[in-house]
Amino acid sequence: MEAFRVHSGLVVPLDRANVDTDLIIPKQFLKSIKRTGFGPNLFDELRYLDPFDEEAPSATRKLNPEFSLNMPKYAGASILLSRENFGCGSSREHAVWALVQFGIRCVIAPSFADIFKNNAFKSGLLPLELDEAVVDRLFQQSANGEGVNLTIDLDSQQVTLSDGAQVDFSVDPFRRHCLLEGLDDIGITLQREDAITAFERNHQRTQPWLFNEVKL
Amino acid sequence: MGRTLYDKLWDAHLVDQQDDGSALIYIDRHLIHEVTSPQAFEGLRLAGRSPRRLNANVAVPDHNVSTDPNERALAGYAGVADATSRVQLETLNDNCNDFNIPLIDLADQRQGIVHVMGPEQGATLPGMTIVCGDSHTSTHGAFGALAHGIGTSEVEHVLATQCLLTKKMDNFRVVLDGEAQPGVTAKDLALAVIGQIGTAGATGCALEFAGSAVRSLTMEGRMTLCNMAIEAGARAGMVAVDQVTLDYVKSRPMAPTGEQWEMAEKYWKTLHSDSDAVFDRELVIDASAIEPQVTWGTSPEMVTSIGGTVPTMDDMQDETGRKSLERALDYMGLQQGMKLSDIPVDMVFIGSCTNARIEDMRAAAAVVRGHKKADNVERVLVVPGSGLVKAQAEAEGLDKVFTEAGMEWRAPGCSMCLAMNADKVEPGKRCASTSNRNFEGRQGFGGRTHLVSPAMAAAAAVTGRFTHPANVEAL
């Protein structure tokens, strides 16, 4: 996983609450058995005016000029700004992959759905919870003028706004550590092999039926 | 101090607790399907790892299978018409063969939606920790189990380590007391709860459903209720073990027998919240006041009763609310203040991990019997949750009730709930659906979904609009 320490980038606003993972990456793209190639179809139904056609390359599709990700002033944005309960619905990790492969490194929202938040941390995407008032301010700023640039420092847990103002945030200590170091969860867990084996042995003794062979 | 059901399940699976709050919990059962697993198996291969405990896993294809009975009658995967889907289905088979993961394949009569198959086979048992790369894994909490959805990275993690790196959630109890009115089902209770607390109302919580209205539900009803916990933001929903649970589990193919059963039953009977347990949050709802529910918008929280109306701008408390309402009404093609019972439907879908069990088929058939599909309803799909549900329904003659009414009796799968296969709601069409999500585009690009119970879906199919099931008899 790519480490996340300090990131500076442009904010692109998506002013709606309850952005669900179906909206982030629609189901027709879930037929893929790969982990890559989802970027062009991020927010597919909002981003394009014509429906997806497996035979036609994405570059030939008609972009919706009213969708923020397509607006020239937000070109190259790497920080997505949205409203509460971002990432609700389906557990599809493809939603995180699509955001990351599009170039998003951080999503800012007042709150996130649990499974999405979990998934984000595994792919180096920072789900950043900021107070509603700060989010409101960012929405106002990014709607006016030339766009908002932010610097997000995960080590010091501080966001620096383009006007120099600083906002503190807090990320779960374990997740923060993993992101800062770019650590792989499985590697960390396998270091606790002895504890797992000891637990497993006791578990089998007290609930032996859980360890029966699956005969199908 | 007493412990909640969730506390007990957590304590019984805690492998390791770190000072930073992160914990390692042991996973008893891992359910696998074709859509969220290929990248996890690929990850194992790339790292040279193998599954830690093969018998913890059961795999079945469901999300991306065709429900066309003709296509399914063709032998093997060669019969799968869509090439991309065929590759995904074959990949599940190949991965299970390569890693020796127990698999129920497409041709097997036990094949079905993973959350229908698991309980049917006894792969789901009380007291288990159960995960699956699907958010509706909360369904299995109906058995007094700790069950929740995980992402693909976690699927790989569970395969490799048999554990999940996680954090303890808060305890939230919803007590549904009183006797539900006739025509009010577990689906209506679930939608009413979501309507009250919102789609993020239980984020960060394990949601226990309790109260007399929950205890009087069958296992099918409890599964429907726990299935929808995720639509209230809770990864896990659960119901305490009682005699109803034990009666359902006993004699399932994978349930323990003999001495093991005695031992298990004794333990399972302890799986309830203690009377002095403390919950972080609690909500008491009078179930007798709940009417059949219909969603009107693009989030499950946008719901009201069959006697209700679509909200107006004046009902909204803030700008975000007004914007959401405006966008939802525009997408759904509805007007503020209109009566739910005045909304005509174009399609009906009866199926999904929420409502495709035998009891759901019976409830829908009871309303349909003696009637025909309404003229304005173009298509009605009835999709049983598994091959075994299909066979049972056919043995009871339910398939004939549907087909004689002009409805389609399909092969099992997730179908039009997420519309990954060919079963889709066309743009602008309005569908009464027994599934779980009414998000924009969920059932097909531009499709308009109204979530309802099987009885309500059947009533909409025969009357052509949303109707209280009790009013169908009088037709």
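Quick caveat: nothing in here was measured; it's all calculated off a predicted structure.

Now for the interface of chain A and chain B. Opposite the 61 residues of chain A that make contact, chain B presents 82 residues. Broken down residue by residue, the surface that chain A buries against chain B is led by Lys31, Trp209 and Leu216 of chain A, which jointly contribute 13%. Seen at the junction of chain A and chain B, the total is twelve salt bridges. The residue Glu200 of chain A makes a salt bridge to Arg52 of chain B at a minimum N-O spacing of 2.8 Å. Remark: the boundary between chain A and chain B carries 27 residue pairs in polar contact (both at pLDDT 80 or more). Elements supplying a minimum of two residues to the side of chain A that touches chain B: helix 1 (21-24), helix 3 (94-102), helix 4 (114-122), helix 6 (173-181), helix 7 (185-190) and helix 8 (193-206) of chain A. For the side of chain A that touches chain B, the element with the most residues is helix 8 of chain A, which contributes nine residues.

With parallel pairing, five strands are arranged side by side in an open sheet as 16-15-14-17-18 (chain B). The open sheet has two free edges, formed respectively by strand 16 (408-409) and strand 18 (448-451) of chain B, since each of these has just one partner strand.

Looking now at the packing of aromatic side chains. In this structure the tally under the stated criterion is 14 aromatic pairs over all chains. Aromatic pair Trp209 of chain A and Trp268 of chain B: ring centres 5.9 Å apart, planes at 85 degrees, arrangement edge-to-face. Remark: Trp268 of chain B occurs in helix 11 (residues 258-268) and Trp209 of chain A occurs in the segment after helix 8; the pair is interchain, linking two chains. Each member of the pair, Trp209 of chain A together with Trp268 of chain B, is buried. Judged by centre distance (5.5 Å) and plane angle (85 degrees), the ring pair of Trp261 of chain B and Trp268 of chain B falls under edge-to-face. Both residues of the pair, Trp261 of chain B and Trp268 of chain B, belong to the buried class. Through pairs of rings, three or more aromatic residues link up here, namely Phe86, Phe112 and Phe116 of chain A. Cation over ring: Arg61 of chain A sits above Tyr48 of chain A, and NZ or CZ is 3.8 Å from the ring centre.

Here is what the cut-offs are and how they apply
- Residues numbered from 1 in each chain as written.
- Chains lettered and ligands numbered in written order.
- Predicted model: local features only at pLDDT ≥ 70, side-chain atom pairs only at ≥ 80, totals over all residues.
- Heavy atoms only, no water.
- Contact = heavy atoms within 4.5 Å.
- Buried area = accessible area lost by both parts, 1.4 Å probe.
- Salt bridge = Lys/Arg side-chain N within 4 Å of Asp/Glu carboxyl O.
- Polar contact = N/O pair within 3.5 Å; in protein donor to acceptor, adjacent residues only side chain to side chain.
- Helix = DSSP H or I, 4+ residues; strand = E, 2+ residues; numbered from the N terminus.
- Pairing = 2+ DSSP bridges.
- Phe/Tyr/Trp six-rings, centres within 6.5 Å; stacked < 30°, edge-to-face > 60°.
- Buried < 20%, exposed > 50% of the residue type's maximum accessible area, 1.4 Å probe, protein only.
- Lys NZ or Arg CZ within 6 Å of the ring centre and 35° of its normal.

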